[in-house]
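# Residue-level structure breakdown
Single-letter residue listing:
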Amino acid sequence: MIFWIASYPKSGNTWLRALISSYFYSQDGIFNEKIISNIGQFPEKRHFNNFDYNPKIVTDTARFWLKAQEQINLDKKLYFFKTHNAFGSVNNNQFTDAKNSIGAIYIIRDPRNVITSLKNHYELNSDQALKWMQNENNYIYDVHRFKQDGYSDFQFISSWATNYKSWKVQKKIPIKIIKYEDLLTETYYVFKELVDFINITTGNKDKINKDKLKNAVNSTLFDKLKNSEKQNGFSEAITSKKNDEKIPFFYLGPKNDWRKILDDELKNKLNEIYKQNLIELSYN
């Protein structure tokens, strides 16, 4: 069955996948970029090759979300998948269900830091990024492969708050919600809890390998990932709309501090808009 690594965009999903893939798909827990490919994205074009959909219609692949997952699960193996999709339905088409999914981890990040990463990744100004985060009808797809794939990898992400709430309130599958900030400050202990959760949820009775845990944590430190991208590139980095250069994927990491980066007007807007969420998540 499918185990989801879910999040709103730019919330730490890639780092979390790097950790999980290092632990579950290597002998020693040491990360390299090839390992992360073991945790693919859903949905992607490849998942719908056997279905008659129209790639020019934005939401058309949603009709086959569940059928595609049924095909993935035919061999009765455990699959990890990344997704930014909200947990819910589009045109009465459910994103997933208990028949196809065994569990999920949802990683959430302070929206005041998410906005900085969104601005960099999607080349937006502050007003555009804020509207992007509040758009209840927001969706993403690979614009650089649109001529070939159309909307095949359409993901309905909704707004930052709705995306988080949709995964939090669902009762169909077990879920563990973690904060990016906790993973950042207590990486080993939080990651150990996640491996425990994955093992319990999937019925894996193997004891935790502490050496692999340590290696996974140490080999996926932000500076190492950033330096690796500088030297070798990174497969998930996208090309700038302004020129043909790649936009750095690993941007600020731990240095992304809204208190130092954002102007007072934007701080006040975000604090007001997300007041209840910030209180609930204990974001000061």
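Quick caveat, the model's predicted, so the values are computed rather than measured. (Residues numbered from 1 in each chain as written. Predicted model: local features only at pLDDT ≥ 70, side-chain atom pairs only at ≥ 80, totals over all residues. Heavy atoms only, no water.)

## Thoughts on the overall build of the chain
Helix and strand content of the chain: 14 helices and nine strands. Across the 284 residues of the chain, 51% fall into the buried class. Contacts spanning at least 24 positions in sequence make up 72% of the contacts within the chain whose residues lie at least 6 apart. Surface exposure of the chain reaches about 14600 Å², of which carbon and sulfur atoms provide 48%. (Helix = DSSP H or I, 4+ residues; strand = E, 2+ residues; numbered from the N terminus. Buried < 20%, exposed > 50% of the residue type's maximum accessible area, 1.4 Å probe, protein only. Contact = heavy atoms within 4.5 Å. Areas by Shrake-Rupley, 256 points an atom, 1.4 Å probe, with all protein chains shown as cover.)

## So, the pattern of salt bridges
In total, this model carries 13 salt bridges according to the counting rule given. With a shortest N-O distance of 3.5 Å, K192 and D196 are connected by a salt bridge. On the criterion of helical spacing, the pair formed by K192 and D196 is a turn pair, its members being four residues apart in helix α9 (residues 187–202). For K192, a relative accessible area of 27% corresponds to the partly exposed category. K267 is the salt-bridge partner of D264, the closest N and O atoms lying 3.8 Å from each other. Of the two residues, D264 and K267 are both situated in helix α13 (residues 264–273); the distance of three residues between them amounts to about one turn of the helix. Residue D264 is classed as exposed on the basis of its relative accessible area, which comes to 55%. (Salt bridge = Lys/Arg side-chain N within 4 Å of Asp/Glu carboxyl O.)

## Notes on unusual backbone geometry
Here F42 and P43 are connected by a cis peptide whose omega angle stands at 0 degrees. Relative to the elements of secondary structure, P43 occurs in the loop between β2 (40–41) and α3 (65–72). One non-glycine residue, K10, lies in the positive phi region at around 65 degrees. Relative to the helices and strands, K10 is located in the loop between β1 (2–7) and α1 (13–24). Even without being glycine, N91 reaches a positive phi, approximately 55 degrees. By secondary structure assignment, the location of N91 is in the loop between β4 (89–90) and β5 (93–94). Judged by its relative accessible area of 55%, N91 falls in the exposed class.

## Some thoughts on the side chain of T220
Its place among the elements puts T220 in the loop between α10 (210–219) and α11 (222–232). Side-chain polar atoms of T220 contact the backbone oxygen of A216, separated by 2.7 Å. (Polar contact = N/O pair within 3.5 Å; in protein donor to acceptor, adjacent residues only side chain to side chain.)

## Focus: α1
Look at α1: 16 Å from first C-alpha to last across twelve residues, which is about the 16 Å you get at 1.5 Å a residue. Counting buried positions over the twelve residues of α1 gives eleven, a clear majority of the element. Taken residue by residue, α1 has N13, T14, W15, L16, R17, A18, L19, I20, S21, S22 and Y23 as its buried positions. (Expected span 1.5 Å × (residues − 1).)

## Describing the packing of α9 against α10
Interaxial distance between α9 and α10 falls to 10 Å at its minimum, and their mutual angle equals 125 degrees. Taken together, the axes of α9 and α10 lie oblique to each other. Relative to α10, α9 is oriented so that their crossing is right-handed. Residues T187, Y188, F191, K192 and V195 of α9 lie in contact with α10, whose contacting residues are K210, L213, K214, A216 and V217. Taken together, the residues that form the contact of α9 with α10 break down as six nonpolar, one polar and three charged. (Axes fitted to C-alpha atoms, helices over the stretch in contact; angles between N-to-C directions. Parallel < 35°, antiparallel > 145°, perpendicular 65-115°, else oblique. Left-handed = near helix turned anticlockwise from the far one by under 90°. Nonpolar A, V, L, I, M, F, W, Y, C, P; charged D, E, K, R; others polar.)

## Some remarks on the sheet that holds β2
The five strands are arranged β2-β3-β1-β6-β9 in an open sheet whose pairing can be described as parallel. Every other strand in the sheet has two partners, leaving β2 and β9 (175–179) as the edge strands with one partner each. Strand direction decides the pairing type here: β1 and strand β3 (residues 79–83), joined by five bridges, are parallel. Across the sheet, the residue bridging to A6 is T83, located in β3. Across the sheet, helix α7 (residues 160–169) lies against β1, β3, β6 (101–108) and β9, angled at about 145 degrees from β6, the strand it touches most. In the packing of α9 onto the sheet, the strands contacted are β1, β3, β6 and β9, and the crossing angle to β6 comes to about 165 degrees. (Pairing = 2+ DSSP bridges.)

## Concerning the packing of helix α4 (residues 111–122) against helix α5 (residues 126–134)
Contact pair α4 / α5: the axes reach a minimum separation of 9 Å and the direction vectors enclose 115 degrees. One finds that α4 runs roughly perpendicular with respect to α5. As α4 runs across α5, the sense of the crossing is right-handed. Residues P111, V114, I115, L118, K119 and Y122 of α4 pack against S126, A129, L130, W132 and M133 of α5. When grouped by side-chain class, the residues that make up the contact of α4 with α5 number nine nonpolar, one polar and one charged.

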